[in-house]
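Take a look at the letters that make up each chain.
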Amino acid sequence: MSAVTTPAPPSPPREPAKEREPRPARSRPAHPLLRRLLPLAVAALVLVPVAAALWGSGAWPSALTADVKTPLDDAYAWVVRNRDTSPVFLYFLLHLSNWSDSSVSWMTDLLVNIGWFPVTVGAVLLSWRIGGLQSRRGLKLAGITLASFAMCGVLGMWEATMETLALMAIAVTVSAVIGGLLGLGGGLSDRFEKILRPVLDTMQIMPAFAYLLPLVLLFGIGVPSALIATIVYAAPPMARLTALGLRGADAGVMEAARSLGASPWQRLLTARLPLARKEILLGLNQTIMMALSMVTIASVVGAGGLGEEVFQALSTVDVGRALAAGIPIVLLAVWLDRTTAAAGDRLGEGSDPSAVRLLHGLRGWSLTAGVGVVVSAVGAALLIEEWPEAWTVDISQPVNRAMDWFTGHLAEGVPVLGGTRTWADGFTTWVLDPLRDGLTATPWWLLVLVAAALGLLAGGWGAMATAAVSMAGIGVIDVWNNSLDTLSQAIAGVVVTLLLGFLVGVVAARVPVVERVLRPLLDTMQTLPQFIYLIPVVALFNVGRSAAVAAAVLYALPAVIRITVQGLRQVDPAALEASRSLGAGTFQQIRQVQVPLARPALMLALNQGVVLVLAMVIIGGFVGSGALGYDVVFGLQKSALGTGLTAGVAIVLLGLVLDRTTQRTRAATGAP
Amino acid sequence: MRMKNPNPAGRKNPNPGGSRTRLTRAAGAAAVVLGLTGLTACGAADTGSSSSKGSSGSVTIAVPSWVGAEANAAVAQYILENELDTKAELTQLDESVAFDALNSGKVDAILEDWGGAPKKVDLYVEDKKTVVAGGDLGVVGHIGWFVPKYLADEHPDITDWKNLNKYKNLFKTAESGDKGQLLEGSPSYTTNDDAIIKNLDLDYKTVYAGSEAAQITQMKENYKAKKPFITYWWTPQWLNAQLDLVEVKLPEYKEGCDAEPEKVACAYAQTPLQKYFNADFTKEGGDAAQFLKNFNWTAEQQNVVASMIADEKMSSEAAAEKWVKANKDVWQKWLP
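Residues numbered from 1 in each chain as written. Chains lettered and ligands numbered in written order. Predicted model: local features only at pLDDT ≥ 70, side-chain atom pairs only at ≥ 80, totals over all residues. Heavy atoms only, no water.

**Student:** Mind showing me how you'd approach the overall build of chain A here?
**Tutor:** Along its length, chain A carries 31 helices and zero strands. For chain A, buried positions account for 56% of its 672 residues. Of the roughly 28100 Å² that chain A leaves accessible, carbon and sulfur atoms contribute 68%. (Helix = DSSP H or I, 4+ residues; strand = E, 2+ residues; numbered from the N terminus. Buried < 20%, exposed > 50% of the residue type's maximum accessible area, 1.4 Å probe, protein only. Areas by Shrake-Rupley, 256 points an atom, 1.4 Å probe, with all protein chains shown as cover.)

**Student:** Sorry if this is basic, but what is going on with the overall build of chain B here?
**Tutor:** Scanning chain B for helices and strands turns up 13 helices and nine strands. Of all 336 residues assigned to chain B, the portion counted as buried reaches 54%. Put simply, 72% of the contacts in chain B that link residues at least 6 apart link residues at least 24 apart. About 14800 Å² of surface is accessible on chain B, with carbon and sulfur atoms providing 52% of the total. (Contact = heavy atoms within 4.5 Å.)

**Student:** Is there a simple way to explain the confidence of the model for chain A in this structure?
**Tutor:** Keep in mind that low pLDDT regions are not for reading the predicted coordinates in detail. Residues and elements named next belong to chain A. Per-residue confidence for chain A averages 79 on the pLDDT scale, and 89% of its residues sit at or above 70. Confidence drops under pLDDT 50 across residues 1-29; counting only partners more than four residues distant or on other chains, this segment forms 69 contacts. Here residues 665-672 is modelled with pLDDT under 50, and outside its nearest four sequence neighbours on either side it reaches 16 contacts, counting other chains as well. (pLDDT = per-residue confidence, 0-100.)

**Student:** Mind showing me how you'd approach the side chain of Ser470(A) here?
**Tutor:** Residue and element names in this part refer to chain A. Its place among the elements puts Ser470 in helix α20 (residues 461-476). Accessibility expressed as a relative area gives 4% for Ser470, which makes it buried. Leaving out residues up to four positions away in the same chain, Ser470 has contacts with Leu653, Leu656 and Val657.

**Student:** Could you clarify how one ought to interpret a positive patch on the surface in this entry?
**Tutor:** Residues Arg136(A), Lys140(A), Arg338(A) and Arg519(A) make up a contiguous surface patch of positive charge. Within the secondary structure, Arg338(A) is located in helix α15 (residues 319-349). (Patch = residues over 30% accessible without salt bridge, like charges linked within 9 Å, V, L, I, M, F, W, Y side chains within 5 Å. Salt bridge = Lys/Arg side-chain N within 4 Å of Asp/Glu carboxyl O. Lys, Arg positive; Asp, Glu negative; His and termini not counted. Charge placed at Lys NZ, Arg CZ, Asp CG, Glu CD.)

**Student:** Sorry if this is basic, but what is going on with helix α18 (residues 420-441) of chain A here?
**Tutor:** Helical periodicity: at 3.6 residues per turn, an α-helix aligns residues three or four positions apart in one direction. Residue and element names in this part refer to chain A. Between its terminal C-alpha atoms α18 stretches 30 Å, which fits the 32 Å expected from 22 residues at 1.5 Å a residue. Considering bend angle alone, the principal kink of α18 is centred on Thr428 and spans about 35°. All buried positions along α18 are accounted for by Thr420, Arg421, Ala424, Thr428, Leu432, Asp433 and Leu439. (Expected span 1.5 Å × (residues − 1). Bend = angle between axes of the 7 residues up to and from the residue.)

**Student:** Teacher, can you tell me more about the interface of chain A and chain B here?
**Tutor:** Where interface size is quoted, it is often the accessible area lost as the parts come together. Listed by partner, the interface residues are 65 residues for chain A and 63 residues for chain B. In total, chain A and chain B occlude about 5800 Å² of area from one another, counting both sides; carbon and sulfur atoms represent 55% of this. At the junction of chain A with chain B, the criterion picks out two salt bridges. In this structure, the salt-bridge partner of Glu221(B) is Arg421(A), at a minimum N-O distance of 2.6 Å. The interface formed by chain A and chain B holds eight residue pairs in polar contact (both at pLDDT 80 or more) in total. Its residues assigned to classes, the side of chain A that touches chain B comprises 27 nonpolar, 22 polar and 16 charged. (Buried area = accessible area lost by both parts, 1.4 Å probe. Polar contact = N/O pair within 3.5 Å; in protein donor to acceptor, adjacent residues only side chain to side chain. Nonpolar A, V, L, I, M, F, W, Y, C, P; charged D, E, K, R; others polar.)

**Student:** What is the right way to read the pattern of salt bridges from this model?
**Tutor:** Any two side chains of opposite charge can pair, on the condition that their charged atoms come close. Here the structure, examined in full by the defined rule, presents 21 salt bridges over all chains. Glu193(A) is paired through a salt bridge with Arg247(A); the nearest N and O atoms lie 3.7 Å apart. Residue Glu193(A) is located in helix α8 (residues 190-205), and its partner Arg247(A) is located in helix α10 (residues 223-247); the two are separated by 54 residues in the primary sequence. Given a relative accessible area of 17%, Glu193(A) falls into the buried group. With relative accessibility at 32%, the residue Arg247(A) sits in the partly exposed group. In this structure, a network of salt bridges that share partners links the residues Asp433(A), Arg436(A), Asp437(A), Asp485(A), Arg545(A) and Glu175(B).

**Student:** Help me understand a negative patch on the surface, please; the structure alone is not making it clear to me.
**Tutor:** Together, Asp109(A), Glu159(A), Glu163(A), Glu81(B) and Glu89(B) make up a negatively charged patch on the protein surface. By secondary structure assignment, the location of Glu89(B) is in strand β2 (residues 87-92). Since its relative accessible area comes to 38%, Glu89(B) is described here as partly exposed.

**Student:** Got a minute to help me understand the packing of α18(A) against helix α24 (residues 545-569) of chain A in this structure?
**Tutor:** Axes are the key here: two packed helices are described by the angle between their axes and the distance separating the axes. Residues and elements named next belong to chain A. At a minimum axis separation of 9 Å, α18 and α24 run at an interaxial angle of 90°. Overall, the two elements α18 and α24 adopt an arrangement that is roughly perpendicular. Taken together, the residues of α24 that come into contact with α18 (itself represented by Ala424, Phe427, Thr428, Leu432, Asp433 and Arg436) are Arg545, Ser546 and Val549. (Axes fitted to C-alpha atoms, helices over the stretch in contact; angles between N-to-C directions. Parallel < 35°, antiparallel > 145°, perpendicular 65-115°, else oblique.)

Printed below as a string of structure tokens:
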């Protein structure tokens, strides 16, 4: 894992290249599309006239809606009134809440009180030990760690970094335990796996913000909501990969263990778990990355730490200060990612027989710990606890000036091209408006039918049912028009993302230099808290839906580029060589060989693009997207849970519709 | 992952077929047992509000996302920590959410409330009595519709709402279509604008920037390019020192004209900004609580600190320190 992962990484079980065999429908020469759609078409012929006659053909009929806002608002009022007296709270939820508060503040106090020097020394030595005390990799890792921590201090963010690190430490530990237990269940029991899989699949496409609202309802604003949201968000990859690892255990080894008379527990502890440790570590890696991205988003509900610094800087429109808080997040991500990846790789390698024994195993650990304690004690005695003020550098002024210059020159008056604001206006008037009006004018039953048909084509009957039911659900909870507005923005965003992503991806896959330059940029873009984009995006595109789409594109682009590059790279070199020797030009090679062969990966890129663009809908709410994004922000900030939660659910439903209608690989692997 | 085996019988009977299900069953049983002990071992949880918080020499102040409030909190924090030897923590919370935190005791004080959450005030102050009113901050807030001065100079009659329809074409954007765009701020701010537009028959559309950051960026960019715009805005605000804005006159505010949100057709009131405290904190907070009750300053004084933070990009601590050192006579009166 050299790359920093996306907040919603492509799940390993949906391997892109796993298209097993061509579906029978495709191999037949007759119209396969028609054949597959036939049953649906027959059903539609019967049902649509009835539905249209009963409820008309405009927007979603009000007769079919249910009022969910009032009960939700009532529930919130009840919670507020009874938080101190109801047994549900007194004996369960408040324990959770108090435990979260106290464990996080304990951890923060610990890290802050230990002081910056021992913490840095500890982190450096830990990474060194994990990377290998003797190997170059360990040394490099130690260097990265030192640079990262020093940078956090230099930027004046030491305390905020420690707060974030404390929250992370607790969240990751709990996520890993819960995810590990679930994965254990999923790996050992088929029935459990069957229940777990769809839940994890759905959780993966839920935007991070959607987790915040129900928790705010129960726990109010503050650390508990943030912590629990992070745990819930970060646990799935651990569960998924643990289960995967346990299931993938070599049958021969298991049989051997059994024939030696090992009991089920012995087999689990001595064979199955050790064989799965690589997957489990990869799961841990993913869990850490997801927790980090959530921790910053959770600042919206008062998580504190670096996310709050970003947020606070934005209130004075100070991009520079926001960036100063954003950079430590990127550095933490790099450090944690590299360290866990190194741990995973080293497990696979086994030990080097020629190594000095003092530096390995338990002895290596105790040596590391001993050196750490001594150096820390000396350092702590010589230096003060807090990061010295003289060692900080204020980057906010130069960054702000640079941004002003940048936006000032791109926004308007660019010869011929017109500048970004002109584009934004054009995009709103000529793309977003017609798309939204078109969707709103479409009869409701037709949209449900289209969702069903696309789901059927993409993934079979299960996907069809999910897509259609989700689409109808949006109508039932009475947010039809707002959802279509958001859907139009999402579609536009996905199209732009794919166009740009494929373009850049194709170039990067063919020109190695471009890819090398792009990689660190993509890593940074993926880990930087999305809030930092708010101000530049508004300065460039004006408040409105165009700005929201631009923010979404920026967010989804790195993943799409990366998957595209990977897909094109995996194309069999022999096929490419053959086409070249047949005299195919560069464009012919791309069009006729690379793209068709990389199709599964490109489909995955489409799916990821859709999921990520939708995840940004709520960030869009902060720059004037209106519709669902605004409703969620409104709900969070005004604690109007009825509005917020309904909009959140609608986003999840839209996500299900878009996911099921774009996910081709699911049909091939035969999952529901 | 190490777990205790709650089912030792599993070891005696190495039946290969049933081993998996038995394992999962055992794991399930362990989880249930763990969960149950977690639930029952401890009694009722501490609700926080009735705890001894506040008396132990630590105060938590809610800071909403605007800079004026940051100035209040920073100055209060500086004086609390340096004069009263009380540790003060600041937590960033939006207006209405802060009341929930005040109720639960997670926060001890709100220093600047714009009256944006009347329902919460009713619930906590009148009904549950967990929150008490803390009197005026001294600053009077006012919300209104504002246009830049260069626009008012060009079209002097634009500052009367009756002429707004005449000028709507100036304010058209891609978002507002063929109506004029009235720029709005964060969803958490108090606004009647949709009702006002409807009831005054104005051909305008509210476009929500979604956050104060987006709104300010948009205003600054428009101002830089000398473009016309009309926006929901308020005083005191640090940005007013940078941008010269003129208020548009709406029908005069009369007591009670904004009682029904749907039917509002008048200007916003002059709002003396209020302080609110957690009820237990006022009883047990000692000197710190008394100091916060006495805390009272003018819009000008607040603006000095706010623009140090916002314009000069000083940290709020540094700004507070500078102001406190220069204005001893003002804050001496607040000390108990």
